[in-house]
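Chain and residue survey
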Amino acid sequence: MSDWGPVFVAVVLFVLLTPGLLFQVPGRHGCVEFGNFQTSGASILIHSLLYFALVCIFLLAIKVHLYIS
């Protein structure tokens, strides 16, 4: 059986943490902006760090597993 948990977690977090899609930290005109479809170097760095931290939490600490037979 294949473990699809890491793939599912990585894809969902990638979609949710894409800078400018749902939210952007830091925004161009404020601390947080929602749905502006723009990005900056600082927001890419912040979202990458958030992605890394959440992937580590879900995969190493919580150990999410999803088996599809």
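All values derive from a computational prediction rather than experimental measurement.

Conventions used here
Residues numbered from 1 in each chain as written. Predicted model: local features only at pLDDT ≥ 70, side-chain atom pairs only at ≥ 80, totals over all residues. Heavy atoms only, no water. Helix = DSSP H or I, 4+ residues; strand = E, 2+ residues; numbered from the N terminus. Expected span 1.5 Å × (residues − 1). Buried < 20%, exposed > 50% of the residue type's maximum accessible area, 1.4 Å probe, protein only. Arc of directions from axis to C-beta. Contact = heavy atoms within 4.5 Å. UniProt positions renumbered as here; feature names shortened; annotations may be inferred.

Looking now at helix 1 (residues 5-16). Between its first and last C-alpha, helix 1 extends 17 Å over twelve residues, near the 16 Å set by a 1.5 Å rise per residue. All of the buried residues in helix 1 are G5, V9 and L13. Mapping the buried residues of helix 1 onto a view down its axis gives an arc of 50°, with all of them on the same face. Looking at helix 1, the residues exposed on the side facing more than 90 degrees away from the buried face are F8 and F14. Those residues of helix 1 that are buried lie in contact with strand 1 (2-3) and helix 2 (41-61).

The positions that UniProt labels "transmembrane region" (unreviewed entry) are, in the present scheme, residues 6-23 and 44-68. A helix fraction of 72% and a strand fraction of 8% characterise residues 44-68, whose end C-alpha atoms lie 33 Å from each other.

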